[in-house]
Each structure stands twice: as C-alpha cells, then as structure tokens.
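The primary structure of each chain is shown beneath.
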4 protein chains.
Amino acid sequence: MDEIDVVDVAEIDTESPVLVEGLPGVGHVGKLVAEHLVDEFDSRLVRRIHSQHFPPQCTVGEDGTTELTSAEIYELEADGVETLVLTGDHQSQTIDGHYKIADRVLGIADEADVGRIYALGGVATGELVEEYGVVGAANSETLVDEMSEHGVGFDEGEPEGGIVGVSGLLLGLGERRGFEAACLMGETSGYLVDPKSAQAVLDVLCDALDFEVDTEQLEDRAEEMEEVVKRLEEMNQEPGGMGSFPADDDLRYIG
Amino acid sequence: MDEIDVVDVAEIDTESPVLVEGLPGVGHVGKLVAEHLVDEFDSRLVRRIHSQHFPPQCTVGEDGTTELTSAEIYELEADGVETLVLTGDHQSQTIDGHYKIADRVLGIADEADVGRIYALGGVATGELVEEYGVVGAANSETLVDEMSEHGVGFDEGEPEGGIVGVSGLLLGLGERRGFEAACLMGETSGYLVDPKSAQAVLDVLCDALDFEVDTEQLEDRAEEMEEVVKRLEEMNQEPGGMGSFPADDDLRYIG
Amino acid sequence: MDEIDVVDVAEIDTESPVLVEGLPGVGHVGKLVAEHLVDEFDSRLVRRIHSQHFPPQCTVGEDGTTELTSAEIYELEADGVETLVLTGDHQSQTIDGHYKIADRVLGIADEADVGRIYALGGVATGELVEEYGVVGAANSETLVDEMSEHGVGFDEGEPEGGIVGVSGLLLGLGERRGFEAACLMGETSGYLVDPKSAQAVLDVLCDALDFEVDTEQLEDRAEEMEEVVKRLEEMNQEPGGMGSFPADDDLRYIG
Amino acid sequence: MDEIDVVDVAEIDTESPVLVEGLPGVGHVGKLVAEHLVDEFDSRLVRRIHSQHFPPQCTVGEDGTTELTSAEIYELEADGVETLVLTGDHQSQTIDGHYKIADRVLGIADEADVGRIYALGGVATGELVEEYGVVGAANSETLVDEMSEHGVGFDEGEPEGGIVGVSGLLLGLGERRGFEAACLMGETSGYLVDPKSAQAVLDVLCDALDFEVDTEQLEDRAEEMEEVVKRLEEMNQEPGGMGSFPADDDLRYIG
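By the naming in an unreviewed UniProt entry, chain A is Proteasome assembly chaperone family protein, taken from Halorutilus salinus.

This is the structure in structure tokens:
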C-alpha cells in the first residue's frame, strides 16, 4: 500500500466540472452539504482515496460489511451543473498528510479538467447562532468580488486563524496550480453538528452555481438538532444543571 | 534495522492455515484469546516482527534476560485446525505504522497461503456486562452470513466508530488483497481486562472453526477479576468512596 | 509539492547582507522586531518558503484573498545596512521540520553571501519585567565579545534550557556551515506579546549594525499593551478576581 | 544535514573498550554516572552525534557560546579499563529516532570493536528509597549470572514495563548484532535527580569492571539533594503544606 492510494472506481465522464469539497470540520457543515448533494442527485462513486495518513481503521456498514477508511469523490449533475464532490469520514491525522492528500486531490481535479473549486466548511462563533451568515475567502480578487454578489460576507481578515485542513490547502495549494478556489464557511456555534448552517452554505452554493435542490432532509435534521438543543437547555436550567451552555467540551459536535 | 524487520524463527509448515489475530486492545480480549490458544495447544514461534513503529524498548523475562519488543506469529494445530496466531505486547505507536505492519502481516499470510483471517478484539459498552455477546463485522457478505450462524451479532453499523488498529486494517487492507476476514468483538465494559469476554469470543471461534479447547485457565483468570471487581465495588460503597464505578480513568484495564 | 518549497519571488540584489530572523516565539519579540524592520524600511519580498512542516492552512488577508502559509524573506536597506529579514506566522510543527527549514534558510543565506546572522527572540522571566535587558548567545567567542560591547548580557549558561526552534538552529547548524550567528533575546514576562522587549532588542541591533530607525509604531503598541496589563491587574484585584497574575495559561501571548 | 550526523571529533584509540551508556532518564541516574566517569578520568571527546530526532535547539555554554544539541561519546581509561562513555542532554524525541540512534551507536561500537555494553539508568519505586539496590537485566543468561555475582538484583520480570529508550534498545538491538549488553538500574524514587542511586550503580560498575574511582563529587551532590528533600518535607508539614510527598508532578526531577 502506498502512502496515498487512489482507487479508480469508475471513469470520470463530466467535462470541466466544479469540485465541491466537504470533509469533516467545524459543525460538520461542509460534510453535511457535500453528503446532501450526493444523496439528492443521481451520483456515482468515481474515486476512493486511501491513505496512511487517515486513521488506521475500517468502517462498518449497516449490513455488517467493512470498508477501509477513505475519502471519496462522487460525480453528479446538480440540476445540470457538472460536479465532483469530495467527502469522507476523516481528514488527515498528520500535518504532512494534509498537504499530500490535498495535492493528490488537486492532481485528480487537474486530470478531470476542474475549473473551479468550492471548499465548504463552518466557522465557529462560540455562541448559538441566530442568523446563519456565510463567510468567505477566495484565492483571487475576482472570485472574492463574485462571491460577494451571492451574499457571502468577507470580513476583514476573518477567520483570523486562517482556514485549516484540506479546505485551506485547496485554496492555498490550488492557487499555485492555477485553480480558482473559494471557501464558503457557514457560521455555527462550533458545539453541535449544524444542518441549519449547512442550509445557509447550500443556499449560497445554489445561487453561485445556479442550480436548485430539495432541502427537506436538511430541514428534518435541523429540527432534530433543535430538539437536542432544547433538551440540553432544559437540563441546564434544572437545579444542579450545568449552569452555562455548553458546560462541557463533550458537547462538541453532538449530533 | 529496517522500518519493519521480520525474523524467520522457524519455517511455517501448515498449509492454508487460518490466521487468528489478538493484539492488545479494548479489555485485552483479543490478546487473551490469542495467548490462550498459544498456551493450550502445542505451538511454536515461527515469526518475530520488530518495527520502528513499536515502542522503543525491550521486555524483561522472568530469568532477567531481555527481548527486543516484537509481535509474534505462532503456528499450532487447534484440535486439528491449522492455525497461525498473531499476538504481542504492543500495537504500532504511529498512524502509518499500523498500515505498514498490517500490510506486512498480510504479506506473511499470503506466503503462508492463509485463506481466512479472524481478527479478535473487544467492544466497549461503558458499563459492566451481564451477558457476554459477541459483535461482528466482516469484509464480505458471505462471511457476515456465515458468522451469524455461529451466534455473532451484527448490529446495524456497530461499532459506530469502526474497527481501529491492526484488526480493522486486516479486514480493510485484507479485502483489497483478496483475504476473507472477520472481526469478532467481545462485549466488555472497557474498564478491565476481561477474561469472560475472551471466553465468549473463544466460544464463537471454536464453533466457527470446529475445534475444542480447555478453558480452565481463562475461567480462573475470570474469577480473579471478579474478586478485583468486588473489592472495587466495596471500596465504592465505603464512606468517602468513589461514589460511582468506575470513578476514574485509572481503573481502565485493571488486571 | 516538495517537503520544503522555496518560491523565488524576486532576485536578491544585496551583496553580503546580514540576515535577521524573527519568527514567532516567546513574547513574539523576534517577530515584532523583524516586522518592524520590514514596515519601516523600503522592503520587498524576495523568497516565500512553504513547507509540509508548517500548519496545513492558508491565511486570509484583509481583502478576503488567501495565501498558503509560509515564512518570508524580505530584502531591505536599513539606513544603508543591507539586510535580509526572515519572518512569518509559524514555526515548524514537527521536530525534523525545524532542522530541515533552518537548513534551507542557511542554504538561501549561503547563496546570498550572508556573512552574519542575527536570530531575535525573547527569554521568559516568568514575572512582569521592569527593566528590559537583552540576553545573548553566539556561536563564536569573538561574537560574544563583540555583542557584549553593545550592551548584551551573557549570563553563565543562560538561558538554561538552551535556545529552541529556528533561532537555536541558525546558531547551531550555522556554525557547522561557517556562519557567524548571534541570538539576541529580550527579557519578557512570557505571558504577553511584548513590544517593549522588542524595542530593547531593536536598540541593540541598531547599535550593533549601526543604523537608526523610527520606533513610534512599537511605542504605540507598547502603550496599548500597558492598557491591557492595567485592565488585567484591575480584574485581579476585584473580589472574585483571579488572585494572582497571570492566573491562567490562557493569558499567554495576549495581544 | 542528515537524519543522524556523526562528527568524528577525534580518533578512537582504545582497543576492544567497554561502552557505558548514561543518557537522561529516571532520576538522571545513568547520566550522573556517565558524567562522573567523564569528569573523574582523563577523558576526551571522540564522537558528537547530531540528529533531527533530538530537540531542535542549541545549548548555551558558560562563556555564552552555543553548541548544536548532541549526544557525545568520550574515550577514557577508567583506572586501566578502556572505556567509551555515551552521554548527552537528550534522548530522541521520536519513536523511530530511538531505534535509529541506538542503531547508529551500535555501528560506532562495532567499528571500535566494543565487546560489552553497560546501559545505565534508574528504576522508579514511587517512594523515597532507604537502601539503594541495583536491579539488572541482560541480553544473555551468562551475563545475568555474572551480574548477579556483583550484587545486581534480578527480580522476576522486573521492571514490568520493560526498559525504555536507548538503554532498552542497546540490549535489544545489541543482541541481534552480537553484543553482550547489561542494563544496571539504580532504585530511585523517580521524583528527584538521585546522586545516591548513581553511587549505587557506580559501585556495581566498579566491581564488575574492576576499577576504582573517587566518588566525592557524587557524595557532595547527594548531600545537596538531601537538603532539598528536607526542605520539601518541612514545607509539607507546615499548615497549608502539600500534605503528602510528593504532592505534585512538578517535583519530578528537582535537582
């Protein structure tokens, strides 16, 4: 097994597709959007990326069969828009692995003649979000301007810590390889899996790429999460409750 | 010294043996079963695997002599069933090491014409177990069906976090190299070395491979552990006791 | 992308410049001085150093555009003194990366015919500093003597733990490659970004290299920090305050 | 710079010397003995080992000059016994580095025609030691027997966790390369730098190698440490004291 090992599950048929990346991260926002696209449209798996930088494990499916941990690239037409979607259960567990995997993804994007990359994620606000804004960054001024027109906020130098992981590298390394790439980050508390934030990001993406998609599934998950939040808040207000919300790191990414 | 260094201690004489893996993990269930097989049957060491991914140390034997840390492969006939057993004191200390060591083990299995792999382990329930079930996963549907007939439970997508370490990779990487591999995981609290859970796994293995083995030693260890648990519970109920059991991470893997 | 990847942004025109290093570290002293030089003099970016040992991320600029994480080398004439300045937002995240990046910087210094290296940093005293001394170390006795004449203190074997990170390696590896290198460390509490300590280091550097520079910006930042410290001290003295200052690791590098 | 870089400072003149290793570890026992030999006998530095697995730093000497972190090999005649002494300020910071550095040391030992290796260290008892025993392990039964005659204790399988770091690997890897190697571990609390434990180990080494050495310096350091312990105990017994000794991990390796 090589350090990174890409299995060609099927040929890529799209021409000059956009690449949408949604791997796990803050509020799992990016992953929720990516999986939603894969679920809602007629998608097929084209690449499976294994790597010695992913956690050493297999996943167990509903039928009890296992699959070596991987990131996956799906091909689909989103309402006519040719799209590759990169998603998966894990990011690299090592620092150099992030670079190497992002580099490999860009190689695949290059072969597939990808023109533009949308890296999706969340940005933690530290408090429960009332209005779900989408913050952006892009690797060219033109793209910053274009995204602004679709309602993306560009706050001076935000997020301050930069964009970490594969999303950040698809922009940073992507620029060096000639890709136009934008990062769309849904505002989210940072404490919970956040389907509402995912909806906000999806709205921007639909607007930017000019396609429509049913969002009922995301809305259902959002309602479930609201129930979870309500129960947590009630627990907080009980005598002997946690006092402030969230009181515990363990609440992170409840979902 | 290479990154992984396999010493051929003796020739492998068995033809098409099964490979049983039991390295340290949750409740040390897999290791207990593997060592029990090595102890109960007429076994001999055939391979010693050293690696720069194992902890940098030597073990000290009862006679004061030392041995460089290793995983070991033993050959034995379990009541007529030709078997290789992989066991040892450590798993890889690095992420890529897990992949590389599993890959190397599969290489050895390939040379030895191994047909099927049983990866043994425990699955943590977080509470003291009353009835010791065995949960499974396998890298083919046929094998899932077959294991079901031997009383293995296949709960939808359980364990949720997947199967971590060498066990998970023997299934995941094994599939890619054409091995049929099943993982048998004994339910265990996750807080203690658990010979009872090991017995449950061993029962399934005996049933699946059609051999019998004396389990007195495991039963004795199980009784010792029950004494330990009883003492811990008494300490809990004393004034000033720990209140709830287990109160402390330090209780993990008492044994 | 290579493990370390140096982009030649512009040609280096200076002849036999000095190299001044100021990467993040204790009190961000070295970085403050390095950035001050880049800001105050007419500087231009000549090298951008990317590395798989830097955090996997991009930074976001004020206009919303991104840049792959890097260290940068600027060229400038400090009041007539030809100077290369190495600065950036991060040090290596891995142990071997520190060595490899320092080695690469020395290679660039070699090509640029650098004669002498000044590695700038802070040394933590653990308490608020009243008088800002500058402690030194150098990779030759001659240089120790020379620096002493510019008011640098050489306390027997201080700092006791040695000099860690790129600064330490520019001296240690630099010696092996024939560079004269001195480390100038401003005394600082270790709890806050410290522009006053940076001023003290800058004073020594001006004296040693015989140039002058406006320090108004650093003085302004120092006043801002004094306001921060004052507020923190007031919070400490309130009932229910933190009691001692600093009470919390989180105060480190407030700024 | 290579991953490991050995500088030949001087030729090795001894023939078939013993190699004594004393790098930092439990109670700094091994390092204290190794440094004592280097100080007491007419020693000269023959090898300096740099490595990207050592902490990325330089040390600062009493005169303010710096030295890239290294382990060192000294040559000396201990009362007629030709000896190489390996000592230094650090062990490897990575897992594979331990293996690679130990391997390289064995390579040097091979070239120098070393016959026997003594790896020195401490074994933590967790409580203040009254009688300083020396526990041993060796990579051959003959050597276990021989060491027993010099008062070394071989307790069944102790230390239970094995011997970690370079000491363990000099025995484990050394055996594979044909070296006879013994580890001598002085009993020590594990909380303090322990010159008394070092004296006990030195006594065994003198007896085994048949040489004598002045131990006044070690005795002086032992008295200083006793003063430290006394003060700590007094602090413990004061109202508001720490209650039990040692109450805090921070006391580890006070010295």
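> Explain the nonpolar core here, please?
Taken as a class, soluble globular proteins show a tendency for nonpolar side chains to be buried jointly. Of all hydrophobic cores here, the largest spans 158 residues; its most connected members are A:I49, B:I49, C:I49 and D:I49. Leaving out residues up to four positions away in the same chain, B:I49 has contacts with B:I4, B:D5, B:V6, B:F54, B:T69, B:S70, B:A71, B:I73, B:L86, B:V105 and B:I108. Membership of the second largest hydrophobic core comes to 39 residues, among which are B:L32, B:A34, B:F41 and B:V204.

> Any chance you could explain the side chain of D:H36 here in plain terms?
Residue and element names in this part refer to chain D. For H36, the position within the fold is in helix α1 (residues 29–40). Overall, H36 belongs to the buried group, its relative accessible area being 3%. When near neighbours in sequence (up to four residues on either side) are disregarded, H36 contacts L202, V213, D214, T215, Q217 and L218.

> Would you explain the relation of the copies chain A and chain B in this entry?
Relating the two copies of this chain is a rotation about some axis coupled with a shift parallel to it. Its rotation angle being 90 degrees, the transformation that places chain A on chain B also includes 0.0 Å of axial translation and leaves an RMSD of 0.0 Å. The superposition of one copy onto the other is thereby described by a four-fold rotation axis. No C-alpha of chain A approaches the rotation axis more nearly than that of A:T94, which lies at 7.1 Å.

> What should I look at first to understand the interface of chain A and chain B in this one?
A common way to express how large an interface is: the accessible area buried when the components associate. Facing 23 residues of chain A, the contacting portion of chain B comprises 29 residues. When chain A packs against chain B, close to 2000 Å² is buried across both sides, 59% of that on carbon and sulfur atoms. Counting the surface chain A buries against chain B, the share from its top three residues, A:Q52, A:P56 and A:L68, is 30%. The tally of links from chain A across to chain B stands at 1 salt bridge. A salt bridge links B:R176 to A:D5; its shortest N-O distance comes to 2.9 Å. Taken together, chain A and chain B are joined by 10 residue pairs in polar contact (both at pLDDT 80 or more). In terms of residue count, the dominant contributor to the side of chain A that touches chain B is strand β4 (residues 57–60) of chain A (4 residues).

> In this structure, what is going on with unusual backbone geometry? I would like to understand it.
All names here are of chain A. Phi angles above zero are rare outside glycine, and S16 is one such case at about 45 degrees. Mapped onto the elements of the fold, S16 is located in the loop between β1 (4–8) and β2 (18–22). Even without being a glycine, D210 presents a positive backbone phi close to 60 degrees. Along the chain, D210 turns up in the loop between α5 (195–209) and α6 (216–237).

> Would you take a moment to explain helix α4 (residues 166–176) of chain C for this structure?
Within an α-helix, residues lying three or four positions from one another point in the same direction, as the helix has 3.6 residues per turn. Residues and elements named next belong to chain C. The element α4 is largely enclosed, with a buried count of 9 among its 11 residues. Turning to α4, its buried residues number three or more, namely V166, S167, G168, L169, L170, L171, G172, L173 and G174. Positive backbone phi, approximately 90 degrees, marks G178, located one or two places after α4.

> Please clarify how the state of the cysteines should be interpreted in this entry.
As used here, a disulfide is simply a covalent bond connecting the sulfur atoms of two cysteines. Summed over all chains, the structure comprises 0 disulfides over all chains. Cysteine A:C58 is unpaired, with the sulfur of B:C183 as its nearest cysteine sulfur at 7.2 Å.

> Just checking my understanding: could you explain the interface of chain D and chain B for this structure?
Facing 29 residues of chain D, the contacting portion of chain B comprises 23 residues. Between chain D and chain B, a total of about 1900 Å² is buried, with carbon and sulfur atoms accounting for 59% of that surface. Looking at the side of chain D facing chain B, the largest losses of area belong to D:I95, D:Y99 and D:R176, adding up to 32% of the total buried there. Counting every contact that joins chain D to chain B gives 1 salt bridge. On inspection of chain D and its partner chain B, the count reaches 10 residue pairs in polar contact (both at pLDDT 80 or more). A total of 7 residues in the side of chain D that touches chain B trace back to one element, the largest contributor, which is helix α4 (residues 166–176) of chain D. Here the residues of the side of chain D that touches chain B sort into 12 nonpolar, 9 polar and 8 charged. Where strand β4 (residues 57–60) of chain B meets strand β10 (residues 163–164) of chain D, 2 bridges bridge the pair, whose relative direction is antiparallel. Bridge assignment links B:Q57 to a residue of β10(D), and that residue is D:V164.

> Please explain the sheet that holds strand β1 (residues 4–8) of chain C as it appears in this structure.
The strands that make up a sheet are held in pairs by hydrogen bonds between backbone atoms, and each pair lies either parallel or antiparallel. All names here are of chain C. Read across the open sheet, the 8 strands follow the order β1-β3-β6-β7-β2-β8-β11-β9; overall the sheet is mixed. Whereas interior strands pair on both sides, the edge strands pair on one side only; in this sheet they are β1 and β9 (134–138). Between one strand and the next, the sheet's axes are offset by a mean angle of 20 degrees, whatever the strand orientation. Bridge count between strand β2 (residues 18–22) and strand β7 (residues 81–88): 5 bridges; the pairing is parallel. From the neighbouring strand, E21 faces β7, where its bridge partner is L86. Sheet contacts for α4: β2, β8 (116–124), β9 and β11 (180–188); angle to β11, the most-contacted strand, approximately 155 degrees.

> Which parts of the structure should I look at to understand the packing of helix α1 (residues 29–40) of chain B against helix α6 (residues 216–237) of chain B?
Between two packed helices, both the angle of their axes relative to each other and the distance between the axes serve to describe the pair. All names here are of chain B. The contact between α1 and α6 brings their axes to 10 Å, and the two run at 135 degrees. Taken together, the axes of α1 and α6 are oblique relative to one another. On α6, the residues touching L32, H36, D39 and E40 of α1 are Q217, L218 and R221. A breakdown of the residues in the contact of α1 with α6 according to their chemical character gives 2 nonpolar, 2 polar and 3 charged.

> Just checking my understanding: could you explain the pairing of strand β7 (residues 81–88) of chain B for this structure?
Residues and elements named next belong to chain B. Among the 8 residues of β7, 7 are classified as buried, and the element is accordingly described as predominantly covered. Pairing of strand β6 (residues 71–78) with β7, which is carried by 8 bridges, proceeds in the antiparallel orientation. Of the residues in β7, the one forming a bridge with E75 is L84. Here β6 hands over to β7 after 2 residues, with D79 in that stretch at a positive phi of 55 degrees.

> Teacher, can you tell me more about a negative patch on the surface here?
On the surface, a cluster of negative charge is made up of A:E62, A:D63, B:E141, B:D145, B:E149, B:D155, B:E156, B:E158 and B:E160. On the secondary structure map, B:D145 appears in helix α3 (residues 141–149).

> Looking at this model, I keep getting lost on the packing of aromatic side chains. Mind explaining?
We describe a pair of aromatic rings using the distance from one ring centre to the other and the angle between the two ring planes. All names here are of chain C. Tallied over the entire structure, the rule returns 4 aromatic pairs over all chains. Seen from their ring centres, F41 and F211 are 5.9 Å apart, and the 75 degrees between their planes marks the pair as edge-to-face. One end of the pair, F41, is in the loop between α1 (29–40) and β3 (44–51); the other, F211, is in the loop between α5 (195–209) and α6 (216–237), and 170 residues separate them in sequence. We classify F41 as buried; its relative accessible area is 15%. Its relative accessible area of 4% is what places F211 among the buried residues.

> For this particular structure, what's the right way to read the packing of α1(C) against α5(C)?
All names here are of chain C. Following both chains from N to C, one finds α1 and α5 inclined at 60 degrees, their axes separated by 8 Å at the closest point. One way to sum up the angle between α1 and α5 is to call them oblique. Where α1 crosses over α5, the handedness of that crossing is right-handed. Facing α1, whose interface residues are V29, L32, V33, H36 and L37, α5 presents P195, S197, A198, V201, L202 and L205.

> What am I meant to see in the pattern of salt bridges here?
Two side chains that carry opposite charge are able to pair once their charged atoms sit near each other. Overall, the coordinates contain 60 salt bridges over all chains when judged by the stated rule. Residues B:E227 and B:K230 are paired through a salt bridge, measuring 3.9 Å at the closest nitrogen-oxygen approach. In this pair, B:E227 and B:K230 both sit in helix α6, 3 residues apart, roughly one turn of the helix. Overlapping salt bridges, with partners in common, bring together A:E3, A:D96 and A:K100 in one network.

Conventions and cut-offs
Residues numbered from 1 in each chain as written. Chains lettered and ligands numbered in written order. Predicted model: local features only at pLDDT ≥ 70, side-chain atom pairs only at ≥ 80, totals over all residues. Heavy atoms only, no water. Core = buried A, V, L, I, M, F, W, Y, C linked by side-chain atoms within 4.5 Å. Buried < 20%, exposed > 50% of the residue type's maximum accessible area, 1.4 Å probe, protein only. Contact = heavy atoms within 4.5 Å. Helix = DSSP H or I, 4+ residues; strand = E, 2+ residues; numbered from the N terminus. Least-squares fit on C-alpha atoms with pLDDT ≥ 70 in both. Buried area = accessible area lost by both parts, 1.4 Å probe. Salt bridge = Lys/Arg side-chain N within 4 Å of Asp/Glu carboxyl O. Polar contact = N/O pair within 3.5 Å; in protein donor to acceptor, adjacent residues only side chain to side chain. Disulfide = S-S within 2.5 Å. Nonpolar A, V, L, I, M, F, W, Y, C, P; charged D, E, K, R; others polar. Pairing = 2+ DSSP bridges. Axes fitted to C-alpha atoms, helices over the stretch in contact; angles between N-to-C directions. Parallel < 35°, antiparallel > 145°, perpendicular 65-115°, else oblique. Patch = residues over 30% accessible without salt bridge, like charges linked within 9 Å, V, L, I, M, F, W, Y side chains within 5 Å. Areas by Shrake-Rupley, 256 points an atom, 1.4 Å probe, with all protein chains shown as cover. Lys, Arg positive; Asp, Glu negative; His and termini not counted. Charge placed at Lys NZ, Arg CZ, Asp CG, Glu CD. Phe/Tyr/Trp six-rings, centres within 6.5 Å; stacked < 30°, edge-to-face > 60°. Left-handed = near helix turned anticlockwise from the far one by under 90°.

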